[in-house]
Amino acid sequence: MSSQPAEPAQDEAPPSVEEIYYRKGDIDFCFLLNRRHQNLRVFDYRVGNYQQKRDFFDRIARAEGLRKVFTVVEKQDSKSWRSVGFSREGAIPGYFRTADAYVMSRVYTEDGEPIQGGAPKLNAPSVSAKEKTSSKPRGLNTELVESTERLAAITEELAEVCLYAPFRRGIFHPDVALHARHNKNSYWVGAETDSSFGHAKLDYLTPPKTEAQLPALEFMMSSLLDELARRETASVFSLVPADWTLTAQLYNALGFKVSARLTDHVVRDDGFVGAQLWHRRLSTAAAPRLSSILG
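Here the structure is a predicted model, which is why all the values come from computation and not from measurement. In every chain, residue numbers begin from 1 and rise along the written sequence. Given that this is a predicted model, residues contribute local features only at a pLDDT of at least 70 and side-chain atom pairs are listed and counted only at 80 or more, while totals for whole chains, interfaces and linings are drawn from all residues. The side-chain values count all of the structure's non-hydrogen atoms but skip hydrogen atoms and water molecules.

Undergrad: How should I be thinking about the confidence of the model for the protein in this particular structure?
TA: Interpretation of this model should avoid reading the predicted coordinates in detail wherever pLDDT is low. Every residue carries a pLDDT, the predictor's confidence in it, which falls somewhere between 0 and 100. On average, residues of the protein score 89 in pLDDT, and 91% of them are at 70 or above. Per-residue pLDDT, averaged within each element of the protein, yields its smallest value for helix α6 (residues 290-294) (37) and its largest for strand β10 (residues 199-204) (98). The model gives residues 1-6 a pLDDT under 50, and that stretch makes twelve contacts with residues more than four places away or in other chains. This model gives residues 286-295 a pLDDT under 50, and the stretch forms eight contacts once residues within four places in sequence are excluded. For helices the rule is a DSSP run of H or I covering at least 4 residues; for strands it is a run of E covering at least 2, with both sets numbered from the N terminus onward. In this analysis, two residues are considered to be in contact whenever any of their non-hydrogen atoms come within 4.5 Å of each other.

Here is the structure:
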């Protein structure tokens, strides 16, 4: 491995998320080892050698006790991953700005063996239609938070509650968020942004527990979407546990649609939970403006 983190001290637990690089011959990729959710997110930089890569991931899955390995690739590459036993669980429209991405996954048994026939289909409860709330709840005031230290701390504090799972390399927390206090509740919504591809992954860091909390959280996410649009973000998506119907209602009201269903994607209370990927386009921009590139 070309750039591997130092080994933790013997009295320290390994990090919940670890970024690891591997380069050997024609194989060159990076992956996020997510011990909290027992999965592996792969960033593959070269086409080809799919069977060799698959065997490598199978070995890691057995060694680390993982339930899932997944990667996000363009359409033509998805067929090659499928040929070596990965399943296509859905798409992220506009993920690569001018091209859609496909989520390719390999799911394992408790014994670390690949599930034959591919990932089981995820069944999720339907979400009732909910009209978008246009008014700001009385007494709700939001603050925009971009402090790396503060966002890292709040994400670590709320990770178990919101089942947080980073999707990108480098920074394992949102880089922009809104915070508010309302009716004695503290609310957080955040986004992991990728300016090169013009997309962002969204999270309700404080997911709703009751319907009474929906108006505040809906307004906050709507405001965050406005902020992301000002930053020339073309599309946004979020991963929501399949049985979190209140969170799904929020995204439904904001115009999101389900574009992928991911089996055994996160861990909650020592059990594996599937997730739905909710997606929405913010603009049809095909490329960043020259001014944003030149600064």
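Undergrad: How do you make sense of the layout of surface pockets when you look at a structure like this?
TA: A water-sized probe, rolled over the atoms, reveals where empty space remains. A pocket, in this scheme, is an open set of points on a 1 Å grid over the protein atoms alone with protein on both sides within 12 Å along at least 5 of 7 lines, while a cavity is a set where a 1.4 Å probe fits but cannot get out; residues line either one if an atom lies within 4 Å of a point. Grid points are joined across faces, edges and corners, and a volume is the space filled by probe spheres set on the points. Roughly 570 Å³ of volume is contained in the largest pocket. For the lining of the largest pocket, the secondary structure elements donating two or more residues are β3 (39-44), β4 (68-73), α2 (75-83), β9 (185-194) and β10. Residue contributions to the lining of the largest pocket peak at four residues, all from β3. Each residue gets one label: Ala, Val, Leu, Ile, Met, Phe, Trp, Tyr, Cys and Pro are nonpolar, Asp, Glu, Lys and Arg are charged, and the others, such as Gly, are polar. Considered class by class, the residues forming the lining of the largest pocket number twelve nonpolar, three polar and ten charged.

Undergrad: Could you clarify how one ought to interpret the environment of Val17 in this entry?
TA: Structurally, the position occupied by Val17 is in strand β1 (residues 17-24). A sequence separation of 20 residues divides Val17 from His37, and the C-alpha atoms of the two residues are 9.2 Å apart.

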